[in-house]
Amino acid sequence: MAELRRLAVATLDANWEHDHTVPSRTLYPHQWSWDSAFIAIGSAHVRPDRAWRELHTLFAAQWADGRVPHIVFNPALRVGSYFPGPEFWGSVAVDGGPAAATSGIVQPPVHAQAAWLVHRRAPAEASREALRRLYPRLVAQQRYLTGRRDVGGAGLACIVHPWESGLDNSPAWDAPMDVVPADAAVMRAYRRHDTAHADAAHRPTDLDYARYVAIVDSYRAHSYRDDTLAGRHPFLVECPLFNAALGAAEHALARIATVVGADPGPHRERAARITEALVRRLYDPGTGTFRPRDLRTDRLVPARTVLGLMPLILPDLPARQVEAVLVEACSPRFGLASRMERPLPTHDRTAPDFEPLRYWRGPAWMNTSWLLWRGLLTHGRRDLAAGLRESMLELVATGGCHEYFHPDTRAGLGSAAFSWTASLLLDTLAEG
């Protein structure tokens, strides 16, 4: 355990970049949104000042409408050092954009939960002051997502790009992506950064990227406005993970409100509404799991992925859905158990399109395992939480602090020194 802790701390220290932590020095040289939230959670155990700096740096790039961009670009890096870079997004030319160059999309809102966990680790006056500074920005983030992004009008936030889910090429997006017009040949005009540092067989395909580019082109052409998305945008999906994080954020904000002198009541009320909408809109009683809803067709997508397990992070998830999610998680599709033979995959192991090496189409990831682990603890399933925790520790003991892992052999894949793996390892170790 001590050796794992030293590895995690060394990884975070090596990736610290003066006011934030890069996900990795090779694949991801800028600041990423939900990465920084996860990184802050682990940093609180060893460098609490850095944990707060991480969050404050990210929110300094918040847009006027409240969105927190999924990338904040480091101006010290040369043009072309990452694709798609700041010149592709063009945020500095958009009204309401921050002074810093950023992307125009968001990622799951796990930041309020991160801020609460950082404060809980060391609840000193400096921590309370940090919460007071962040609270209005966290509220603005929630207001943006629950307001402008409620494209379906049913109380859930809509993602406008697979990247916003955090699970970029998940099979959950295959059906919505199939109708996005694109040609893989368009990628000849660009230089992908990821395949220069990782095996192309482990990454999204060129056709995936052509569609990613087409979706951004559509959003950017309208200056990243959300008011007419329903009538024109090619990708509109209500995601279980994204909305579970949205509801969990309101629960965290209710706790934060009691510290900073605000009223927790509205946060609790919004949390309850989000959970109710999530169950009503995304729960599939026929299969007992949650599924994304494609707003273009108003249908639940067919793939059974780890996204369907993520609503377990909601403390007010009804008992019926808690039990259904546990049945799904413990099935051969995902293999959760008090003693796990293999790590938690990101896609149904029994599906014909399960790919053990390709990014989010099968490999095990520390952050989705950590979210499920937290959900199990929330709902009192310490037996299953203990099994998942042991599996997570075994991942890093076998494969190092890699970005993701082979779901059978536990071999490390992607970046060899990945920050959120290190950070969430620290949090997992601390809860033992």
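Attention here is on the structure that accompanies the text. (Residues numbered from 1 in each chain as written. Predicted model: local features only at pLDDT ≥ 70, side-chain atom pairs only at ≥ 80, totals over all residues. Heavy atoms only, no water.)

## Let's talk about the side chain of R211
Positionally, R211 belongs in helix α9 (residues 206–221). Excluding residues that lie within four positions of it along the chain, R211 makes contacts with M177, D178, V180 and A182. (Helix = DSSP H or I, 4+ residues; strand = E, 2+ residues; numbered from the N terminus. Contact = heavy atoms within 4.5 Å.)

## Describing the environment of T57
For T57, the position within the fold is in helix α3 (residues 48–59). Residues T57 and L282, spaced 225 residues apart in sequence, show a C-alpha to C-alpha distance of 34 Å. Residue contacts for T57: discarding those within four places in its chain leaves D19, H20 and Q31.

## Focus: the pattern of salt bridges
On inspection of all chains with the given rule, the structure shows 33 salt bridges. Between R149 and E164 there is a salt bridge, and its shortest N-O distance comes to 2.7 Å. Of this pair, R149 sits in the loop between α6 (125–147) and α7 (162–165) while E164 sits in helix α7, and the two are 15 residues apart along the sequence. Since its relative accessible area comes to 0%, R149 is described here as buried. (Salt bridge = Lys/Arg side-chain N within 4 Å of Asp/Glu carboxyl O. Buried < 20%, exposed > 50% of the residue type's maximum accessible area, 1.4 Å probe, protein only.)

## Points about helix α5 (residues 111–121)
Residue pairs three or four apart in sequence face the same way in an α-helix, which turns once every 3.6 residues. With 8 of 11 residues buried, α5 is to be regarded as a mostly interior element. Listed as buried for α5 are H111, A112, A114, A115, W116, L117, V118 and H119.

## Observations regarding the environment of R291
Here R291 lies in the loop between β5 (289–290) and β6 (293–294). Sequence-wise, R291 and P302 are 11 residues apart; in three dimensions their C-alpha atoms are separated by 7.5 Å. In contact with R291, not counting residues within four places along its chain, are P240, L282, D284, L300, V301, P302, A303 and R304. In terms of polar contacts, R291 uses its side chain to reach the side chain of T287, at 3.3 Å. Here P302 takes part through its backbone oxygen, which lies 2.4 Å from a polar atom of the side chain of R291. (Polar contact = N/O pair within 3.5 Å; in protein donor to acceptor, adjacent residues only side chain to side chain.)

## Observations concerning unusual backbone geometry
With an omega dihedral of 0 degrees, the bond running from F83 to P84 counts as a cis peptide bond. Position of P84 among the secondary structure elements: in the loop between β2 (71–72) and α4 (86–89). The backbone of Y224 sits at a positive phi, close to 60 degrees, despite the residue not being glycine. The residue Y224 is located in the loop between α9 and α10 (229–232) in this model.

## Describing the packing of helix α14 (residues 366–378) against helix α15 (residues 382–399)
At a closest axis distance of 8 Å, the pairing of α14 and α15 adopts a crossing angle of 160 degrees. Accordingly, the angle class assigned to the pair α14 and α15 is roughly antiparallel. Of the two elements, α14 crosses α15, and the hand of that crossing is left-handed. Residue-level inspection shows M366, S369, W370, L372, W373, L376 and L377 of α14 in contact with α15, the latter providing R382, L384, A385, L388, R389, M392 and V396. Broken down by class, the residue content of the contact of α14 with α15 amounts to 11 nonpolar, 1 polar and 2 charged. (Axes fitted to C-alpha atoms, helices over the stretch in contact; angles between N-to-C directions. Parallel < 35°, antiparallel > 145°, perpendicular 65-115°, else oblique. Left-handed = near helix turned anticlockwise from the far one by under 90°. Nonpolar A, V, L, I, M, F, W, Y, C, P; charged D, E, K, R; others polar.)

## Structural notes on empty space enclosed by the protein
Scanning all chains against the criterion turns up 4 cavities of 30 Å³ or more. A volume near 280 Å³ is recorded for the largest cavity. Considering the residues around the largest cavity, the lining is formed by 25 residues, among which Y28, W32, Y82, D168 and Y359 are closest to the centre. Of the volumes computed, that of the second largest cavity is approximately 70 Å³. Surrounding the second largest cavity, V9, L12, D13, W16, T21, S43, V46, R47 and R50 form its lining. Residue classes in the lining of the second largest cavity are distributed as 4 nonpolar, 2 polar and 3 charged. (1 Å grid on protein atoms, 1.4 Å probe; cavity = no way out; pocket = protein on both sides within 12 Å on 5 of 7 lines; lining within 4 Å. Points joined across faces, edges and corners; volume = space filled by probe spheres on them.)

## Quick word on the layout of surface pockets
Each pocket or cavity is described by its volume, and for the largest pocket that value is around 390 Å³. In terms of lining, the largest pocket is formed by 21 residues, of which the most central are Q113, R255, I313, R374 and T378. Mapped onto the lining of the largest pocket, the elements with two or more residues apiece are α5, α11 (240–260) and α14. The greatest single-element share of the lining of the largest pocket, amounting to 6 residues, is contributed by α14. Residue composition of the lining of the largest pocket, by class: 14 nonpolar, 4 polar and 3 charged. The volume enclosed by the second largest pocket comes to roughly 200 Å³.

## As for the side chain of S24
Tracing the backbone shows S24 in the loop between α1 (2–14) and β1 (31–32). A distance of 3.1 Å separates the side chain of S24 from the backbone nitrogen of L27, its partner in a polar contact. When neighbours within four sequence positions are excluded, S24 is seen to be in contact with N15, P29, S415, A417 and F418.

## As for the packing of aromatic side chains
Each aromatic ring pair is specified by the distance between its two centres and by the angle formed by the two planes. Following the criterion strictly, the structure yields 26 aromatic pairs and no others. Measuring from ring centre to ring centre gives 5.2 Å for W34 and F38, while their planes differ by 50 degrees; the resulting arrangement is tilted. Placement of both W34 and F38 in helix α2 (residues 33–43) is noted, with a separation of 4 residues, approximately one turn of the helix. One exposure class covers both W34 and F38, and it is buried. Connected via pairs of aromatic rings, a cluster forms that spans Y28, W32, W34, F38, Y82, Y359, W360, W365, W370, Y404, F418 and W420. The ring centre of W63 lies 4.7 Å from the NZ or CZ of R67, which sits over that ring. Here the guanidinium or amino end of R220 rests over the ring plane of F88, the centre of that ring lying 5.0 Å away. (Phe/Tyr/Trp six-rings, centres within 6.5 Å; stacked < 30°, edge-to-face > 60°. Lys NZ or Arg CZ within 6 Å of the ring centre and 35° of its normal.)

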